[in-house]
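Chain and residue survey
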Amino acid sequence: MEIEIKNYPTKKSEDWRYFNLPEEKIKEILKYSEFDNETVFFKKLAEKIEHKKYSEFFKEIDYQNDFFKNLILEYGKFEKVQFEEEENSINEYFILESGKVLSRQIDFTVKPNCKTVLTIFFKPLENSFLNILFNFLVMENAELRLNIILDGEENSLLFFRTNHKLLENAKASVFLLQLANSFTRIETMSNLEKGAEFNRYQTNILNNSSFTDTLFKAFHYGENSKSEINNLSITQDKATSILNGLLFIDEKGKNTKAFQNARNIILSEESYSVSYPQLEILNPDVECSHGTSMHSFEEPQIFYLTSRGIEEKEAKAMILNGYIDFFFKNMDNKIKKYFLDFCHKKIKELTNA
Amino acid sequence: MSKDEKKPNVKSISEEYKYGFKTKEKYKFKSDKGLTEEIVRAISEFKKEPEWMLEFRLKAYRAFKKMPMPWWGNTELLNTVDFENIHYYIKPEKDHKKSWDDVPEEIKETFDKLGIPEVERKFLAGVTAQYESEVVYHSIKKEFEKLGIVFLDMDSALKEYPDLVKKYFGTVIPIHDNKFAALNSAVWSGGSFIYVPKGVKVETPLQAYFRINAQNMGQFERTLIIADEGSDVHYIEGCSAPVYSSDSLHAAVVEVIALKGARIRYSTIQNWSNNVYNLVTKRAVAYENATVEWVDGNIGAKFTMKYPAIFLKGENAHAEVLSVALAGDDQHQDSGAKVFHLAPNTTSRIVSKSISTGTGRASYRGWIKVNKGMKNCKSDVRCDALIFGKSRSDTYPRMEVYEPTTKLTHEATVSKIQEDQLFYLMSRGLSEDEASTMIINGFFEPFTKELPMEYAVEFNRLVSMEMEGSIG
């Protein structure tokens, strides 16, 4: 079955009307990338980007048929994977060499009544450009658990996009850990049919001048569907975290439950956070909410720990680890440990603990 | 009452719209449809304005011609605004009067029906009534005049206090802010001017009432409120228009300036008829220790785009926005609030409540921004929406924080009336309609309790009327 993601009800431009990526930032990224001779198409577009501001550039993009998609279509590789066994578990470790460009589209199908756990670690090295599109078709009563770690090195450019089509009573859970020092754009689109359930947990732990720009949209087209989108973002140094989310409930989406949550912890004067959580609801029979908070450390928390003889930086690391441990509480234990090890290491780096 | 006997659904708000009457058009001058430089010059000449104002208008006119329509929001509706089919300036037969008896009979009749002189007698400190492009009646009680409070229509203020007007006019909302602000700056007429001297507290509210009577009319009033250090003022504005088959445009600009330690509350109950585009720019600046409160109710209009904004420019300034919207059949209420924290220790609170029913659409659009270095700012945003029938409810909040010591929270919920709430009330003997009305009144209570009692009662009555039969 072909994957079909419906058109987005929000005007394309609305997603980007507030965001600008400074021109010099784009130039900086492009300066370091060495493109293969055959990627003339990319070169052409790259020239264009240099002369345009990021926001303007994105205004013209149809998300499903944009230049990154075209890049895959023209020069990238396709892979098709189909899981037919009842239980599948795949672990991949993917490194992209320094200075290389890679575009790839991978279409996954999880057959009815099957369960698949997919864990992938992406590490694009310095000055590389990784452009990945996953299409997941999760068929009736099937379940997908997706665990992703993105750990790009400095000056790498990472476009990570996933489309999820959940058929009747299908379930998908996505756990995404973003540690990259790169410029990263993460897009997640999910389409929920009757009784489908989509849960997404994304944590960004960012320092240096990394820039993470997340867009997610969950479209509820069937009745009794449910989505829960959670984001936790910790920014240090000159890092930036942007979150742009939409929960869309169609007229047919009777008895839908949809929730989004975003917590942004800003740790330095140079870092910043932007949240743009949106709701568009066309059916009255729903329960929807979203909540966002932006803050730094709470004084009483630090005081509580330091008054018990814990050093301040240790205390800060403990608090952050606490947020993260709680955030990933719904993960499978084995993989959770793997995720948390990464997180704790990065938190240590952030707090000098 | 059985379900079948229930009152019919609200098919068209215009059927129920109490203020939809029209009176015969009698004008001294009515500009041709469409906007030209000549019309802009003619408005300025009519008003015998100083040269700088004409320059301001012309600059704005050129900007308006060049500027694009907003590319965000409900562009489908926005693009149906036909700038060529609007009368930009209509002057009623007589100039404005200070005595109610001198106001021309037809206009008096209009405002009598709206209850304006009645409320003035009861509890207001002053009233301005604007009919089409000009203020037709204006008064302020003597005891308040004695305190040095200036409450004038904008045109008179320009003549009587030219320096004060020149100092502040267009400083909060510049010409190039958006296309409709540019349009207003080019053709503005009427509106209120308020200056409250240092330390003066105006205990009773000042009110303006705006009325569009003509078909295809554009009303572009301009309001400027300046509260000097330590002063306190409450301003209320109301508006309505007759029901016509073709559309009118209301594009006001409101600039509010709260100097050190001042407090301004600006309350609006917008109840335009269902054929008015209400595209308004409202913005306030709050300096050190000042407080600005927008209390904003949107019930009428075909399409509203209104996001009262507050720039917190001085330390310890506080912003408060309370916004409610009711979108009935064929209405789109796109409202919200913006607060920019531009000084340390500033605080803000936004509460937005909306109900969409029938085929209406209610959108909340907000923006909180905390600039770098602005320590210890706090902001709390809460949006709640109730949704009925085939309506639509959207939330578009935006939060930008560039300062780590900020504490910002945002929450939004969208749902229909909870069945357990209905059950609770119905089990105590209320009908479904009564129970729903009670829940809805409770839902809007944070708004109504901030209004003077007369307004709160009227607001609840309007809401009940529009919600009639749309529940259950």
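Remember, it's a predicted structure, so these values are computed and weren't measured experimentally.

The rules behind each value
Residues numbered from 1 in each chain as written. Chains lettered and ligands numbered in written order. Predicted model: local features only at pLDDT ≥ 70, side-chain atom pairs only at ≥ 80, totals over all residues. Heavy atoms only, no water. Core = buried A, V, L, I, M, F, W, Y, C linked by side-chain atoms within 4.5 Å. Buried < 20%, exposed > 50% of the residue type's maximum accessible area, 1.4 Å probe, protein only. Contact = heavy atoms within 4.5 Å. Domains from an automatic or database assignment. Buried area = accessible area lost by both parts, 1.4 Å probe. Salt bridge = Lys/Arg side-chain N within 4 Å of Asp/Glu carboxyl O. Axes fitted to C-alpha atoms, helices over the stretch in contact; angles between N-to-C directions. Helix = DSSP H or I, 4+ residues; strand = E, 2+ residues; numbered from the N terminus. Parallel < 35°, antiparallel > 145°, perpendicular 65-115°, else oblique. Left-handed = near helix turned anticlockwise from the far one by under 90°. Nonpolar A, V, L, I, M, F, W, Y, C, P; charged D, E, K, R; others polar. Polar contact = N/O pair within 3.5 Å; in protein donor to acceptor, adjacent residues only side chain to side chain.

Moving on: the nonpolar core. Residues and elements named next belong to chain B. If you look at the biggest cluster of nonpolar residues, it comprises 56 residues, and the most contacted ones within it are Leu35, Phe83, Leu183, Val187, Phe193, Leu249 and Leu279. Not counting residues within four places of it along the chain, the set of residues in contact with Leu35 comprises Val40, Tyr61, Phe64, Lys65, Tyr88, Leu183 and Val187. Phe210, Ala262, Met374 and Leu408 belong to the second-largest nonpolar core, a separate cluster that totals 50 residues.

Turning to the domain arrangement of chain A, a few remarks are in order. Residue and element names in this part refer to chain A. According to the domain assignment, chain A contains domain 1 (14–296) and domain 2 (299–353). Listed by partner, the interface residues are 28 residues for domain 1 and 17 residues for domain 2. Summing the contributions of domain 1 and of domain 2, the shared interface buries around 2000 Å²; its carbon and sulfur component is 74%. When residues of domain 1 are sorted by the area they lose upon contact with domain 2, Phe175, Tyr201 and Ile205 head the list and together hold 23% of the total. Linking domain 1 with domain 2 are one salt bridge, by the criterion used here. Here Asp332 makes a salt bridge to Arg145, at a shortest N to O gap of 3.3 Å.

All names here are of chain B. With their axes 9 Å apart at the nearest point, helix H11 (residues 419–426) and helix H12 (residues 432–443) run at an angle of 120° to one another. With respect to H12, the element H11 is oriented oblique. For H11 against H12, the interelement crossing comes out right-handed. Judged by residue contacts, Gln421, Leu422, Leu425 and Met426 of H11 engage Glu432, Ala435, Ser436, Met438 and Ile439 from H12. Split by residue class, the contact of H11 with H12 holds six nonpolar, two polar and one charged.

Another aspect to go through is the side chain of A:Thr240. Residues and elements named next belong to chain A. Take Thr240: it is sitting in strand E13 (residues 240–249). In this structure Thr240 comes out as buried when scored by relative accessible area, which is 3%. Those residues in contact with Thr240, other than ones at most four positions away along the chain, are Leu206, Ser210, Phe211, Thr212, Thr235 and Tyr272.

Taken residue by residue, the interface counts 39 residues in chain A and 36 residues in chain B. Interface area, chain A with chain B, both sides summed: about 3200 Å², of which 53% is carbon and sulfur. Linking chain A to chain B there are five salt bridges. Residue A:Glu269 pairs with B:Lys375 through a salt bridge whose shortest N-O separation is 2.6 Å. At the boundary of chain A with chain B, the tally comes to 16 residue pairs in polar contact (both at pLDDT 80 or more). Where the side of chain A that touches chain B is concerned, the elements lending two or more residues are helix H1 (12–16), strand E15 (272–281) and strand E16 (286–295) of chain A. Residues belonging to the side of chain A that touches chain B are distributed by class as follows: 15 nonpolar, 14 polar and ten charged.

Glycine aside, negative phi is the norm for most residues, and most peptide bonds take the trans geometry. Residues and elements named next belong to chain B. A positive phi angle is found at Ala301, which is not glycine, with a value near 75°. Secondary-structure assignment places Ala301 in the loop between strand E15 (291–298) and strand E16 (303–306). Overall, Ala301 belongs to the buried group, its relative accessible area being 0%.

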